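Each chain is listed here by its residues.
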Amino acid sequence: MLAATALIVGSLGLTGCGQAGGRADPPLAGSQLGGDFTLIDKAGKPVRYADFAGKWRILYFGYTFCPDVCPLDVQHLMQGYHAYARAHHDLGARIVPMFISIDPQRDTPQAMGQFAAAFGPELIGLTGSPAQVAGAAKAFAVYYQKRPGANAGTYLMDHSRAAYLMDPGGKPVALLPVDQSGPAVAAELEKWVH
């Protein structure tokens with residue numbers, strides 16, 4: 001987890017300064033985050049990252065059995081997305097929010113579909129085989145690890161906590177402040193999605 005956090009923090013520090021008299025560079029500009037992957041949607045159909053070329057993408061990695069952080073973060077993410085989409089209908093229609101599982105053992109396509117639907121029809125829930133999930137997580141420097149739960153046979157997933165905003169070319173732009181609030185997410189979208 002520390003290595004993934006260092007990578008993200010390091011990339012933020014490299015490009016956080018704006019140009020004199022111009023718009024600031026995106027915080028994640030020039031970082032190596034991202035890359036193509038193939039996962040499975042709620043209908044069990046393959047979905048590639050490249051399928052969304054030409055659209056802004058928001059990616060959040062978590063799991064449906066998460067007892068606290070994931071539901072709250074996704075709630076903030078989608079509140080911010082919906083506020084931005086109401087204010088900028090055309091641009092909002094060009095943003096694809098995705099919730100990607102890091103728990104393929106329990107997160108079936110059906111479970112992902114139900115979880116995503118609770119936050120809005122725009123949110124796409126994606127899962128896959130352990131190898132597919134690992135490949136997607138690696139591309140975005142996402143840390144995750146299974147740890148035993150309170151009862152025998154149960155487990156939780158430790159994971160990094162970030163929502164990545166990617167531009168229409170698939171390049172990283174910024175981390176969205178899902179740990180803060182919906183309005184904070186909307187404000188960050190206002191800053192970068194044009």
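As a reminder, the structure under discussion sits directly above these lines.
Described below are features of the structure shown in this document. (Residues numbered from 1 in each chain as written. Predicted model: local features only at pLDDT ≥ 70, side-chain atom pairs only at ≥ 80, totals over all residues. Heavy atoms only, no water.)

Re the overall build of the protein chain
Each helix and strand in the protein chain was counted, giving six helices and nine strands. The buried share of the protein chain, taken over its 194 residues, is 46%. The long-range fraction of contacts in the protein chain, counting pairs at least 24 apart against all pairs at least 6 apart in sequence, stands at 67%. Looking at the protein chain as shown, the accessible area adds up to about 9300 Å², and 58% of this sits on carbon and sulfur atoms. (Helix = DSSP H or I, 4+ residues; strand = E, 2+ residues; numbered from the N terminus. Buried < 20%, exposed > 50% of the residue type's maximum accessible area, 1.4 Å probe, protein only. Contact = heavy atoms within 4.5 Å. Areas by Shrake-Rupley, 256 points an atom, 1.4 Å probe, with all protein chains shown as cover.)

Some remarks on the nonpolar core
Counting 55 residues, the largest nonpolar core has Phe 37, Leu 59, Phe 61, Phe 140, Tyr 164 and Leu 165 as the members making the most contacts within it. Here this core takes seven residues from helix α2 (residues 69-87), the largest share from any one element. (Core = buried A, V, L, I, M, F, W, Y, C linked by side-chain atoms within 4.5 Å.)

Points about the state of the cysteines
Inspection of every chain in the model, using the stated rule, returns zero disulfides. Just so you know, Cys 66 is unpaired, no disulfide at all, and the nearest cysteine sulfur is the one on Cys 70, 3.2 Å from it. (Disulfide = S-S within 2.5 Å.)

Section: the packing of α2 against helix α6 (residues 182-192)
Two numbers describe how α2 lies on α6: the axes approach to 7 Å, and their chain directions differ by 50°. Classed by the angle they form, the pair α2 and α6 counts as oblique. Crossing angle aside, the handedness with which α2 passes α6 is right-handed. On the side of α2, the interface is formed by His 76, Leu 77, Gln 79, Gly 80, Tyr 81, Ala 83, Tyr 84 and Ala 87, while α6 contributes Gly 182, Val 185, Ala 186, Leu 189 and Glu 190. (Axes fitted to C-alpha atoms, helices over the stretch in contact; angles between N-to-C directions. Parallel < 35°, antiparallel > 145°, perpendicular 65-115°, else oblique. Left-handed = near helix turned anticlockwise from the far one by under 90°.)

Considerations on the sheet that holds strand β9 (residues 172-176)
Adjacent strands of a sheet form backbone hydrogen bonds with each other and so pair up, either parallel or antiparallel. Within the open sheet, the five strands sit side by side as β5-β4-β3-β8-β9. Their pairing is mixed. In this open sheet, the two edge strands, each paired with only one partner strand, are β5 (124-126) and β9. On average, each strand axis in the sheet is tilted by 25° relative to the strand beside it, whichever way the strands run. Relative to β5, strand β4 (residues 95-101) runs parallel, the two sharing three bridges. By the bridge assignment for β5, Met 98 is matched with Ile 124. (Pairing = 2+ DSSP bridges.)

Some words on helix α4 (residues 109-117)
For α4, the complete set of buried residues consists of Met 112, Gly 113, Phe 115 and Ala 116. Down the axis of α4, the buried set is contained in an arc of 165°. They therefore lie on one face. Residues of α4 that are exposed and point more than 90 degrees away from the buried face comprise Gln 110, Gln 114 and Ala 117. Residues of α4 that are buried in the fold lie against α2, β4 and β5. (Arc of directions from axis to C-beta.)

Comments concerning the packing of aromatic side chains
According to the stated counting rule, one finds eight aromatic pairs in the structure shown. Consider the rings of Phe 140 and Tyr 164, whose centres lie 5.6 Å apart with planes at 45°: the pair is tilted. Pair noted here: Phe 140 is in the loop between α5 (130-139) and β6 (144-148) and Tyr 164 is in strand β8 (residues 163-166), with a separation of 24 residues, a long-range link. For the pair formed by Phe 140 and Tyr 164, the shared burial category is buried. Through successive ring pairs, a cluster of aromatic residues spans Phe 37, Tyr 49, Phe 61, Phe 140 and Tyr 164. Positioned above the aromatic ring of Tyr 49, the side-chain terminus of Arg 57 is 4.4 Å from the ring centre. The positively charged end of Arg 106 is found above the aromatic ring belonging to Tyr 155, 3.7 Å away from the centroid. (Phe/Tyr/Trp six-rings, centres within 6.5 Å; stacked < 30°, edge-to-face > 60°. Lys NZ or Arg CZ within 6 Å of the ring centre and 35° of its normal.)

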